[in-house]
Amino acid sequence: MKTHFALLFIFMNVWFFAQTKAEKQLLKSDESFAKLSRDKGVKTAFETYLATNTTTFSYKAGIITDRDKSIENFSKLKSLDWIPLKAEVSKSNDMGYTYGVGKATYEVNGKTETSYSYYVSIWKRDEKGNWKLSLDSGTDCSEEIGKKYFKDQKK
C-alpha cells in the first residue's frame, strides 16, 4: 500500500511540475533571443523577436508602444544579456510569459556601466506560430544578485 501511495505521489509531482511542450518552446525562444543579442547585437535580436504590436517599458523613455522606437531604445545599450528562468503558456498555447535576470552595459560620460535586472516578458504567437515578444518590463536588482547569475561569463 505504501508503494502505491509513493508512486502516486511521484506521478502527481511529475505531472504537476512538468513543463509542457509549448513552455519548453517558449523558454527556448527566449534563450535564443538572448543568444542572438549576445552574438549579433541588441538591435538584431529585437528586430527578430519583437512583435509588430508591442509595448516596452523603459527606465528613461517610459512606456513605448511603437515597435521601431522600442528597437531604437534598446539599441542604445552597449550590450544586453539575460537568463530566462521560467516560462508558462496559456491553455490555448498562443500566449505566455517568461521571467529571468538580465545584464545591461551602457555608456555614461565615456565610461562603461553595468546594471542587473529582473524581467518579465509576455509573448504571443504570430501567424506562423513563432513566439514574438509582445510586452517587456523589468526592474533593477542588486549587483550582488545579478553577478550570481552571470558569474561564469567573461563579459
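Okay, so let's go over this structure.

The rules we used
- Residues numbered from 1 in each chain as written.
- Predicted model: local features only at pLDDT ≥ 70, side-chain atom pairs only at ≥ 80, totals over all residues.
- Heavy atoms only, no water.
- Helix = DSSP H or I, 4+ residues; strand = E, 2+ residues; numbered from the N terminus.
- Buried < 20%, exposed > 50% of the residue type's maximum accessible area, 1.4 Å probe, protein only.
- Contact = heavy atoms within 4.5 Å.
- Pairing = 2+ DSSP bridges.
- Axes fitted to C-alpha atoms, helices over the stretch in contact; angles between N-to-C directions.
- Salt bridge = Lys/Arg side-chain N within 4 Å of Asp/Glu carboxyl O.
- Nonpolar A, V, L, I, M, F, W, Y, C, P; charged D, E, K, R; others polar.
- Arc of directions from axis to C-beta.
- Polar contact = N/O pair within 3.5 Å; in protein donor to acceptor, adjacent residues only side chain to side chain.

**Structural notes on unusual backbone geometry**
- Even without glycine at this site, Asn-93 takes up a positive phi of about 65°.
- Summarising the element assignment, Asn-93 is placed in the loop between strand S3 (79–89) and strand S4 (95–108).
- For Asn-93, a relative accessible area of 35% gives the class partly exposed.

**A closer look at the environment of Ala-22**
- Within the secondary structure layout, Ala-22 lies in helix H2 (residues 21–40).
- Overall, Ala-22 belongs to the buried group, its relative accessible area being 7%.
- Put simply, Ala-22 and Met-95 are 73 residues apart on the chain and 9.7 Å apart in space, counted from C-alpha to C-alpha.
- Discounting chain neighbours no more than four positions away, the residues touching Ala-22 are Val-89, Asn-93, Arg-125 and Trp-131.

**Here's the deal with the sheet that holds strand S1 (residues 50–58)**
- The sheet built from six strands is open, its strands ordered S2-S1-S6-S5-S4-S3 with mixed pairing. Unpaired on one side and paired on the other, strand S2 (62–64) and S3 mark the two borders of the sheet. Averaged over neighbouring strand pairs, the angle between their axes works out to 15° when direction is ignored.
- Bridging between S1 and strand S6 (residues 131–141) involves three bridges; their strand directions are parallel. The residue of S6 that forms the bridge with Leu-50 is Leu-133.
- On the sheet, H2 packs against S3, S4, strand S5 (111–125) and S6 and is oriented at approximately 175° with respect to S3.

**Here we look at the pattern of salt bridges**
- This model, assessed by the stated rule, comprises seven salt bridges.
- Ionic pairing is found between Glu-88 and Lys-86, a salt bridge with its closest N-O pair at 3.5 Å.
- Relative accessible area serves as the criterion here: at 30%, Lys-86 is assigned to the partly exposed category.
- Of the charged contacts, one joins Lys-111 and Glu-113 as a salt bridge, the two residues approaching to 4.0 Å between their closest N and O atoms.
- Residue class for Lys-111 comes out exposed when judged on its relative accessible area of 53%.

**So, the packing of H2 against helix H3 (residues 42–49)**
- Look at H2 against H3: their axes get within 6 Å of each other, and the N-to-C directions meet at 150°. Taking contact as the criterion, the partners of Ser-29, Ser-32, Phe-33, Leu-36, Ser-37 and Lys-40 in H2 are, on H3, Val-42, Thr-44, Ala-45, Phe-46, Thr-48 and Tyr-49.
- Of the residues belonging to the contact of H2 with H3, the class tally is six nonpolar, five polar and one charged.

**Let's talk about helix H4 (residues 67–75)**
- Within the sequence span of H4, burial applies to Ser-70, Ile-71, Asn-73 and Phe-74. Within H4, the buried residues cover an arc of 160° as seen down the axis, which keeps them to one side. Those residues of H4 that are exposed and angled more than 90 degrees off the buried face are Asp-68, Lys-69 and Glu-72.
- Taken together, the buried residues of H4 touch H3, S1, S2, S3 and S6.
- Backbone nitrogen of Asp-68 and a side-chain oxygen of the N-cap are separated by 3.1 Å at the start of H4; the cap is Asp-66.

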